[in-house]
Each structure stands twice: as structure tokens, then as C-alpha cells.
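# Survey of secondary and tertiary structure
So you can see what is in the structure, the chains are spelled out below.
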Amino acid sequence: MIETHGLTKQYGRKTAVNDVSFTVRPGQVTGFLGPNGAGKSTTMRLILGLDRPTSGTVTVLGRSYADHPAPLHALGALLDAKGVHPGRSARSHLSALAATHRIPVSRVDEVLEMTGLSSVAGKRVGGFSLGMGQRLGIAAAMLGDPQVLLLDEPVNGLDPDGVYWVRRLVRQLAAEGRTVLLSSHLMSEMAQTADHVIVLGRGKVVADAPIGEFVGGSGQRVTVGSPDAARLAAVLTDPGAHPGLDIESLGEHRFSVAGMTAAEIGRAAVEHGIELHELTPVASSLEDAYLALTRDEVEYTTPQAA
Ligand SMILES: Nc1ncnc2c1ncn2[C@@H]1O[C@H](COP(=O)(O)OP(=O)(O)OP(=O)(O)O)[C@@H](O)[C@H]1O
């Protein structure tokens with residue numbers, strides 16, 4: 001379990017994390033999302049005691065990370081996969097880490113095996129690919145068999161096989177009752193991995209919900225196709241007819257509607273004698289829900305493509 005209460009971090013005049021309170025529960029994978037600069041890395045550093053909060057508290061298994069007598073057994077973290085001496089071998093890196101906690105060498109071999117690195121255990125880390133470096137970072141996080149895992153962009157640089165492996169690993173760790181906090185910018189991957197999502201925007205929590213609720217809450221859209229699309233759109237948007245309706249054009253003969261069911265649109269078309277060629281409810285994705293929520297929270301925006 002990770003708990004934050006009123007967690008705030010200021011760097012000079014910049015408030016990177018602003019009064020953030022959340023609980024990351026055991027037995028599930030919690031996705032940690034947010035646009036660039038939203039405060040995810042800062043929050044993770046605060047959880048790990050690598051930075052001191054300006055105010056508020058953060059605990060791991062009921063106490064601050066620094067107060068754990070053997071922190072590697074409480075929390076394993078993957079923050080920056082490049083933070084390893086390049087001249088060392090994977091095995092010597094893990095062995096040095098293990099020695100700080102009197103973790104037996106047999107556990108080093110176990111995590112090398114678990115992460116698929118046994119065959120390259122003696123090779124210099126400097127020659128590792130990004131994906132191998134990520135695997136080594138995950139091996140280090142797993143070394144102390146911790147109850148809590150904090151993984152910042154663990155699939156970054158991994159090939160599809162590696163992405164699948166991380167997904168299965170984190171699902172298994174959660175099924176064992178561990179607490180897993182996982183950040184990623186890959187929404188499709190997150191949708192397949194997380195049970196719960198916490199979304200930050202400009203340093204604040206903008207969503208904290210089970211993934212189904214988060215995706216469902218953004219509402220369903222219906223794609224409508226008609227040779228008389230403009231007239232149908234005009235009927236639907238007739239003032240007062242359907243307040244809160246949102247229509248997006250998808251070309252001359254198609255548009256997308258939020259705020260009405262397919263049945264309601266079909267009925268309106270029949271009532272006005274308008275021919276329909278398509279009426280498709282489209283389940284929104286995690287990506288849709290995320291983009292809708294964070295549209296106003298993005299600190300560094302990209303100009304819209306024309
Ligand atoms: N050491 C620092 N000094 C000054 N400002 C900082 C520092 N660390 C982070 N910031 C600022 O705090 C804000 C939050 O940054 P943070 O790295 O936590 O965001 P993030 O959500 O992890 O972003 P990304 O997805 O890009 O990794 C940003 O505006 C960043 O510029």
C-alpha cells in the first residue's frame with residue numbers, strides 16, 4: 001500500500017505536485033498517467049524519499065520509505081534504467097545491490113532468470129540495449145521480493161515480446177497480492193494491464209478510479225452515416241432538442257455524436273424521414289477518456305494538425 005496525503009512539492013516558484021492525496025492498493029495494478037510535466041516522476045521520487053515534500057506526507061506500507069530498515073524488501077523501483085555503471089556486468093550490479101541487504105546470491109540468479117537475462121549475466125551493462133537495460137532495472141526492483149513495486153515507464157524500449165512479458169509479470173505480481181504502481185504513456189498497453197488509474201494534470205489528481213469506470217465515464221459516441229447527414233445533424237442539434245449534445249463531422253456523409261443513444265438517433269431519423277446508412281455505437285477507449293480528461297491539463301501542447 002502507498003498512501004499520500006496533501007503531498008506538495010515546489011521547486012522555487014514551480015509547484016510540481018500540488019496537494020496530492022491517493023491510496024495505491026495491494027492486489028491490483030494501478031496505472032499512473034498524466035501529460036508530460038504533470039508531476040508523475042516527482043511523485044515517484046517523493047514516494048522513494050529521493051526528494052523531500054514541501055508539505056504533506058507519503059508512506060509505503062505505513063511508514064516513510066527511509067524508515068524501512070530494509071527498503072529493498074518493502075519497495076522495488078524502476079525509475080531510470082540507465083542509472084547503472086556501464087563497466088559492470090548485470091550479475092555484479094545485482095550482486096552489489098543484494099549485498100547491501102544480505103540477499104543471497106541465489107536470489108540474483110532467480111531474478112536474472114525471471115527477467116530473461118541469464119545468458120547475458122556476465123556481459124558489460126554498457127553494451128546492453130535499451131530493452132535489456134529495462135529488464136535489468138526490473139530485475140533490480142524484484143531483488144528484495146518486495147510487497148510494493150514502482151515502475152516508471154517499464155515497457156519503454158521493449159519489443160512486443162518484452163511488452164507482453166512486462167504485462168504478464170505485473171499482472172502476476174498483483175495477483176500475488178502485491179501493490180503495483182506503473183506509469184506509461186502507452187494507453188493501449190495501460191488499458192490491458194491496469195485495474196485502476198490515477199491521472200495527474202498540472203500537479204493535481206484529476207482522476208482516481210477503476211479503469212472501467214474511468215473509461216465508461218467519458219460516455220459513448222455513436223457514428224452516424226446518412227446521404228442526408230447535414231439535415232440529420234441539424235435536426236439533432238435543433239435548439240432545446242438534446243441539450244449537451246456534441247457532434248463532430250467525419251466528412252460529408254458521416255458524423256459522430258455524444259449525448260444520445262443509437263436508438264434515439266435512429267428514432268429521430270425515422271421521424272424526419274431521413275435515410276440512415278450507418279448507426280454504430282463506439283465504445284470509448286482508455287485513450288479517448290484520457291485525452292478528454294487531460295485536454296485542458298496539458299502543459300506542453302502540440303499545435304493542432306490542419
Ligand atoms: N528538479 C526540478 N527543478 C525544477 N523543476 C522541476 C524539477 N523536477 C521537475 N520539475 C518540474 O515539475 C513539473 C513536473 O515534472 P515531472 O518530471 O514530475 O513530470 P512527469 O509527469 O513525470 O512528466 P514526464 O511524463 O514528462 O516524465 C514539470 O513542470 C517540471 O519541469
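My aim in this report is to walk through the structure given alongside it, one point at a time. Here the structure is a predicted model, which means the values were calculated and not measured. (Residues numbered from 1 in each chain as written. Predicted model: local features only at pLDDT ≥ 70, side-chain atom pairs only at ≥ 80, totals over all residues.)

With that settled, the discussion passes to the overall build of the chain. Along the chain, the regular secondary structure elements total eleven helices and 13 strands. Here the C-alpha coordinates of the chain stretch approximately 80 × 45 × 35 Å along the principal axes. Taken across its 306 residues, the chain has 36% of its residues classed as buried. At a minimum sequence separation of 6, the contacts of the chain that also span at least 24 residues come to 69%. (Helix = DSSP H or I, 4+ residues; strand = E, 2+ residues; numbered from the N terminus. Buried ≥ 20, exposed ≤ 12 C-beta atoms within 10 Å, placed from the backbone. Contact = placed C-beta atoms within 7 Å.)

This paragraph deals with the pairing of strand E9 (residues 204–210). Direction of pairing for strand E8 (residues 196–201) relative to E9: antiparallel, over a ladder of six bridges. By the bridge assignment for E9, Val 199 is matched with Ala 207. Count of turn residues in the E8/E9 antiparallel hairpin: two residues, of which Arg 202 carries a positive phi of about 45 degrees. (Pairing = 2+ DSSP bridges.)

Near the ligand the following residues occur: Tyr 11, Lys 14, Ala 16, Gly 34, Asn 36, Gly 37, Ala 38, Gly 39, Lys 40, Ser 41 and Thr 42. Looking at the shell around the ligand, the elements with two or more residues in it are strand E2 (14–24) and helix H1 (40–47). The greatest single-element share of the shell around the ligand, amounting to three residues, is contributed by H1. (Near = placed C-beta within 6 Å.)

Further remarks concern the sheet that holds strand E13 (residues 278–282). What the four strands build is an open sheet, ordered E11-E12-E10-E13; its pairing is antiparallel. Two strands close off the open sheet at either side, each with one partner strand: strand E11 (246–249) and E13. Taken over all neighbouring pairs, the strand axes of this sheet differ in orientation by 20 degrees on average, direction set aside. Here five bridges tie strand E10 (residues 221–225) to strand E12 (residues 254–258), and the two strands are oriented antiparallel to one another. Within E12, the position partnered with Val 224 by the bridge is Phe 255. Contacts from helix H9 (residues 229–236) reach E10, E11 and E12 within the one sheet, and its direction differs from that of E12 by about 20 degrees. The sheet strands contacting helix H10 (residues 262–271) are E10, E12 and E13, and the helix crosses E13 at an angle near 160 degrees. (Axes fitted to C-alpha atoms, helices over the stretch in contact; angles between N-to-C directions.)

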